[in-house]
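The primary structure of each chain is shown beneath.
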Protein chains: 2
Amino acid sequence: MKRAHNFYAGPSTLPLSVLKELQGEMVEYHNLGLSLLETSHRSPEYDEVHHGAMHLVKELLSLPDNYKVLFLQGGATMQFSMVPMNFLAEGSHADYLNSGAWAKKAIADARLYGSVEVTFDGKEKGYMSLPEPRSVVSTPGAQYVHITSNETIGGVQWKDFPATEAPLVADMSSDILSRPIPIERFGLIYAGAQKNLGPSGVTLVIVREDLLTKEQGKVGAYLKYSTHAESDSLYNTPPVFGIYALGKVLSWVKAQGGLPAVTANNRTKADLVYRAIESTDGFYHCPVDPSFRSDMNIVFTLRKGDLDKSFLDGSEERGMLGLKGHRSVGGFRASLYNAMPIEGAKALADYMVEFAQKNG
Amino acid sequence: MKRAHNFYAGPSTLPLSVLKELQGEMVEYHNLGLSLLETSHRSPEYDEVHHGAMHLVKELLSLPDNYKVLFLQGGATMQFSMVPMNFLAEGSHADYLNSGAWAKKAIADARLYGSVEVTFDGKEKGYMSLPEPRSVVSTPGAQYVHITSNETIGGVQWKDFPATEAPLVADMSSDILSRPIPIERFGLIYAGAQKNLGPSGVTLVIVREDLLTKEQGKVGAYLKYSTHAESDSLYNTPPVFGIYALGKVLSWVKAQGGLPAVTANNRTKADLVYRAIESTDGFYHCPVDPSFRSDMNIVFTLRKGDLDKSFLDGSEERGMLGLKGHRSVGGFRASLYNAMPIEGAKALADYMVEFAQKNG
């Protein structure tokens, strides 16, 4: 097979070695006579996979002991409800920073459960910029401050994080594990797995233990973080395949050299594409404030919009998939998650330069 | 490989042919140059898989057009919250039938959201029996009536279903697709996939459309059924692998001859094991009322409890896994879900008779 360069915004490309391992073990796991998918989630075989994956999250992100790692389901979209449901006490409020499409969804759900103060709104700059992190302070009495670390649709990314008095809560779905996190500034982090962590179907939650004591009362078992924290995410049947694959992706990250190596690779890949954009004399345009351009999702348009189809067709002929921009913004988007090899970013940058020369 | 006979209560055995297909396609799907796990959930390839699986649910269960099929996450445990959150209006109540361990969990969560009338409690018969279905009526004003179609831990199963005035809601996690359902009696059915539908990580919900108009107001996007109904379960990233595998399991069911064939097989398998229990002159004991013995999960004890370890060791030597009873009840449990071949049930029945003869 000729492997495609996979620029989809998510579910994203996976390391080929991980896919091959999953393939090798799909029918029979470790001479058990059955697949891991078929064993009980209480079996010693699954237990090792489950706790192994949890341990790797802690190790790779250097989490202190007072943070719990949870494996949930429902994606960031479910966290948009779970966070306020658990932490937005009646009569109190939380601060939300509106950085774009995903932040808006988090805000809309939070408003169903309590009062929301939008302390930053990117609207006047078309959601193409973010505030200076040091300028972000929590309002008096805020239960938490919510940010979206990377907007996959807008292509904006926090490069450093606020240090707020109220616990900082972050949707890190699209850039978790792509760079180091100053974990001590965060109360809770959540992320759908399907960008940097593995296939879709698992939601990673990292929560500082003291927050668990602040949960509201009337929340059902699955929807309370403490349920999962107390049972190591084995309260009910976990998404076995998702956690198993996530563990393999984390092992791959570790083998690459961990977070330092992955961070350097991600910078290299993003630089290749941003430089292609900047080097073509306005042929391509990235609308995002240079201080907050995402390393994960690079959005760009062609000055000559009538070349869009030709650009896309040419990319697909070269085995580059998923470059079409999100339907709400048009143009193009190159998603360069952890498992995208440098060669993929280079192939795209080369094609962009070549296409600009031919059509400029 | 020698394939084990897999009696785990869940995640359960999967058809070998399905595991092999998943294996064959794991690294590359349909000459795409990537795995299905890596494609966008908005891609035509995934779309076909997603809607194909939905269509098979409708076809195999003969669902009328006014029922929607949803693919959610979080298992039945999350449904324990979602059902009352959406349908238990403030100041109103719902009826719950307490048939055992799983019903109790549903009741506990419902009480957080509204008022619950327990209209049947199996307690005095040790949760070893169920009411006559025709005797079940909804109380005046009940928003819905909740039952658990099969209790995996207790091993009791409704053989026919009530026809109530209020919409009937059922947790069918452990016997969905094992037999025909009189769908017209149900308002909503939910089921974790990991018994009869595929690997863990997907929750099937079947909902009668008119119920969607009765949802409560202040419920976050992921937690509203209508969100998923309106977007064909593509509101946010679905659990791609889970739905993909579920579709393959459903195709396998169809190839077996659909629900009639599967139902007949399940009866045959359960009969083999129950007959082994009954034929050994009290050596084995099944505590469940014969009118409500589950075809999915057969629980039994040995009269001579000191032989438990020897029985279990012998079963494992013969490649029979997962027979140990649930930690809350002890003894043994043989789970005979759809994908357990008749030979598996026969191997167990033969072993039971042989063991009884040797130790009786």
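Quick notes on the rules
Residues numbered from 1 in each chain as written. Chains lettered and ligands numbered in written order. Predicted model: local features only at pLDDT ≥ 70, side-chain atom pairs only at ≥ 80, totals over all residues. Heavy atoms only, no water. Contact = heavy atoms within 4.5 Å. Buried area = accessible area lost by both parts, 1.4 Å probe. Salt bridge = Lys/Arg side-chain N within 4 Å of Asp/Glu carboxyl O. Polar contact = N/O pair within 3.5 Å; in protein donor to acceptor, adjacent residues only side chain to side chain. Helix = DSSP H or I, 4+ residues; strand = E, 2+ residues; numbered from the N terminus. Nonpolar A, V, L, I, M, F, W, Y, C, P; charged D, E, K, R; others polar. Axes fitted to C-alpha atoms, helices over the stretch in contact; angles between N-to-C directions. Parallel < 35°, antiparallel > 145°, perpendicular 65-115°, else oblique. Left-handed = near helix turned anticlockwise from the far one by under 90°. Buried < 20%, exposed > 50% of the residue type's maximum accessible area, 1.4 Å probe, protein only. Pairing = 2+ DSSP bridges. Least-squares fit on C-alpha atoms with pLDDT ≥ 70 in both. Expected span 1.5 Å × (residues − 1). Arc of directions from axis to C-beta. Lys, Arg positive; Asp, Glu negative; His and termini not counted. Core = buried A, V, L, I, M, F, W, Y, C linked by side-chain atoms within 4.5 Å. Phe/Tyr/Trp six-rings, centres within 6.5 Å; stacked < 30°, edge-to-face > 60°.

Student: Please clarify how the interface of chain B and chain A should be interpreted in this entry.
Tutor: Much of the literature gives interface size as the accessible area that the parts lose upon coming together. With 61 residues of chain B in contact, the opposing surface of chain A contributes 62 residues. Between chain B and chain A lies a buried interface of about 5,000 Å² when both sides are counted; carbon and sulfur atoms form 60% of it. The largest contributions to the chain B side of the interface with chain A come from Gln23(B), Val27(B) and Glu38(B), which together make up 13% of the buried area. If you look at where chain B meets chain A, you find 2 salt bridges. Across the chain B-chain A interface, the total number found is 27 residue pairs in polar contact (both at pLDDT 80 or more). At the level of elements, α1 (16–25), α3 (75–87), α4 (101–113) and α7 (240–256) of chain B are the ones that each hand at least two residues to the side of chain B that touches chain A. The dominant element in the side of chain B that touches chain A, judged by the number of residues it contributes, is α1(B), at 6 residues. Residues of the side of chain B that touches chain A, tallied by class, amount to 28 nonpolar, 23 polar and 10 charged.

Student: Looking at this structure, how should I read the packing of α3(B) against α4(B)?
Tutor: Between two packed helices, what matters for the description is the angle formed by their axes and the separation of those axes. Residue and element names in this part refer to chain B. Between α3 and α4, the least distance of the axes is 8 Å, while the angle of their chain directions is 40°. The orientation of α3 relative to α4 falls into the category oblique. The two elements α3 and α4 cross, and the hand of that crossing is right-handed. Packed against α3, whose contacting residues are Thr77, Phe80, Ser81, Pro84 and Met85, the element α4 presents Trp102, Lys105, Ala106, Asp109, Ala110 and Tyr113 at the interface. For the contact of α3 with α4, the residue count by class is 7 nonpolar, 2 polar and 2 charged.

Student: How should the packing of helix α9 (residues 308–317) of chain B against helix α10 (residues 342–359) of chain B be read in this particular structure?
Tutor: All names here are of chain B. At a minimum axis distance of 11 Å, the contact between α9 and α10 shows a crossing angle of 140°. As far as their axial angle goes, α10 and α9 are oblique. Considering the relative orientation of α9 and α10, their crossing is right-handed. Of the residues in α10, those touching α9 at Ser310, Phe311, Gly314 and Ser315 are Tyr351, Met352 and Phe355. Looking at the contact of α9 with α10, its residues break down into 4 nonpolar, 3 polar and no charged.

Student: Would you mind going over the pattern of salt bridges with me for this structure?
Tutor: Once the charged atoms of two side chains with opposite charge are near each other, the side chains can pair. In total, this model carries 36 salt bridges over all chains according to the counting rule given. Notably, a salt bridge pairs Lys68(A) with Asp232(A), separated by 3.3 Å at the nearest N-O pair. Linking Lys68(A) in strand β2 (residues 67–72) with Asp232(A) in the loop between α6 (225–230) and α7 (240–256), this pair joins segments that are 164 residues apart in sequence. Two residues, Lys248(B) and Glu21(B), come together in a salt bridge whose shortest N-O distance is 3.0 Å. Here Lys248(B), found in helix α7, pairs with Glu21(B), found in helix α1; they are 227 residues apart in sequence, far enough to count as distant. When salt bridges with common partners are traced through the structure, they connect Lys159(A), Arg267(A), Asp271(A) and Asp295(A) into a single cluster.

Student: Would you explain the pairing of strand β14 (residues 332–335) of chain B in this entry?
Tutor: The two faces of a sheet get side chains in turn, since along a regular strand they alternate between them. All names here are of chain B. Residues Phe332 and Ala334 point to one face of β14 and Arg333 and Ser335 to the other, with burial holding for every one of them. The sheet contact formed by strand β12 (residues 297–302) and β14 spans 4 bridges and is antiparallel. Paired with phenylalanine 300 across the two strands is phenylalanine 332, which belongs to β14.

Student: Any chance you could explain the relation of the copies chain B and chain A here in plain terms?
Tutor: One copy of the chain maps onto the other through a rotation about an axis plus a displacement along that axis. Superposing chain B onto chain A requires a rotation of 180° together with a translation of 0.0 Å along the rotation axis, leaving an RMSD of 0.0 Å. Put plainly, the chains are arranged around a two-fold axis. It is Gln23(B) whose C-alpha, among those of chain B, lies nearest the rotation axis, at 2.5 Å. Taken together, the interface assignments show that 100% of the residues at the interface of chain B recur at the interface of chain A, consistent with an identical surface on both copies.

Student: What is the right way to read the sheet that holds strand β3 (residues 93–98) of chain A from this model?
Tutor: The strands that make up a sheet pair up through hydrogen bonds in the backbone, lying either parallel or antiparallel. Residues and elements named next belong to chain A. Strand order in this open sheet of 7 strands is β2-β10-β9-β8-β5-β3-β4, and the pairing throughout is mixed. Among the strands making up the open sheet, the edge pair consists of β2 and β4 (115–121). Strand-to-strand twist in this sheet, taken as the mean axis angle between neighbours without regard to direction, amounts to 20°. The pairing of β2 with strand β10 (residues 203–208) spans 6 bridges and is antiparallel. Paired with tyrosine 67 across the two strands is arginine 208, which belongs to β10. Across the sheet, helix α3 (residues 75–87) lies against β2, β3, β5 (142–148), β8 (168–171), β9 (186–192) and β10, angled at about 155° from β9, the strand it touches most.

Student: What exactly am I supposed to notice about helix α8 (residues 258–278) of chain A here?
Tutor: All names here are of chain A. An ideal rise of 1.5 Å per residue puts 30 Å on 21 residues; α8 measures up with 30 Å between its terminal C-alpha atoms. Taken as a whole, α8 has its buried residues at Gly258, Leu259, Val262, Asn266, Lys269, Ala270, Val273, Tyr274, Ala276 and Ile277. Angular distribution of buried residues about the axis of α8 spans 155°; they occupy a single face of the element. Structural note: α8 exposes Pro260, Arg275 and Glu278 on the side pointing more than 90 degrees away from its buried face. Considering only its buried residues, α8 is in contact with α2 (44–60), α7, β11 (284–285), β12 (297–302) and α10 (342–359).

Student: Even after reading the chapter, I still don't get unusual backbone geometry, so can you show me in this structure?
Tutor: For residues that are not glycine, phi is negative in most cases, and the peptide bond is trans in most cases. Residue Pro11(A) is reached from Gly10(A) by a cis peptide bond, and omega for that bond is -5°. Note that Pro11(A) resides in the loop between β1 (5–6) and α1 (16–25). Phi at Asp232(B) is positive, roughly 50°, even though this residue is not glycine. If you check the backbone angles, Ser233(B) has positive phi at about 60° while not being a glycine. Judged by its relative accessible area of 3%, Ser233(B) falls in the buried class.

Student: Looking at this structure, I do not really get the side chain of Arg333(B). What am I missing?
Tutor: Residues and elements named next belong to chain B. For arginine 333, the position within the fold is in strand β14. No salt bridge forms around the buried arginine 333; measuring N to O, its nearest opposite-charge neighbour glutamate 151 is 8.7 Å away. There is a polar contact of 2.9 Å between the side chain of arginine 333 and the backbone oxygen of threonine 152. Apart from residues lying up to four places away in sequence, arginine 333 is in contact with Phe7, Ala9, Thr152, Ile153, Asn297, Ile298, Val299, Gly322, Leu323, Lys324, Gly325 and His326.

Student: What's the story with the side chain of Thr77(A) in this structure? I'm lost.
Tutor: Checked against the element boundaries, Thr77(A) lands in helix α3. With relative accessibility at 3%, the residue Thr77(A) sits in the buried group. Setting aside residues no more than four positions away along its own chain, Thr77(A) makes contact with Trp102(A), Asp109(A), Tyr222(B), Tyr235(B) and Asn236(B).

Student: Looking at this structure, I do not really get the nonpolar core. What am I missing?
Tutor: Proteins that are soluble and globular tend to have nonpolar side chains buried together. If you look at the biggest cluster of nonpolar residues, it comprises 192 residues, and the most contacted ones within it are Ile176(A) and Ile176(B). Contacts of Ile176(B), omitting those with residues within four sequence positions, involve Leu61(B), Ile181(B), Ile189(B), Ala191(B), Asn196(B), Leu197(B), Leu204(B) and Ile206(B). One finds Leu88(A), Ile107(A), Leu188(A) and Ala229(B) within the second-largest nonpolar core, a separate group that totals 58 residues.

Student: I'm lost on the packing of aromatic side chains in this one. Help?
Tutor: Counted under the stated rule, the structure contains 33 aromatic pairs over all chains. Pairing Phe311(A) with Tyr351(A) gives two aromatic rings, centres 5.0 Å apart and planes at 35°, and the pair type is tilted. Highlighted residues: Phe311(A) in helix α9 (residues 308–317) and Tyr351(A) in helix α10, separated in sequence by 40 residues. Taking the relative accessible area as the measure of exposure, Tyr351(A) reaches 3% and is therefore buried. Both rings, one in Tyr351(B) and one in Phe355(B), keep their centres 5.8 Å apart while their planes meet at 50°; by these two values the pair is tilted. Of the two residues, Tyr351(B) and Phe355(B) both sit in helix α10, 4 residues apart, roughly one turn of that helix. Comparing Tyr351(B) with Phe355(B), the two get one shared label, buried.

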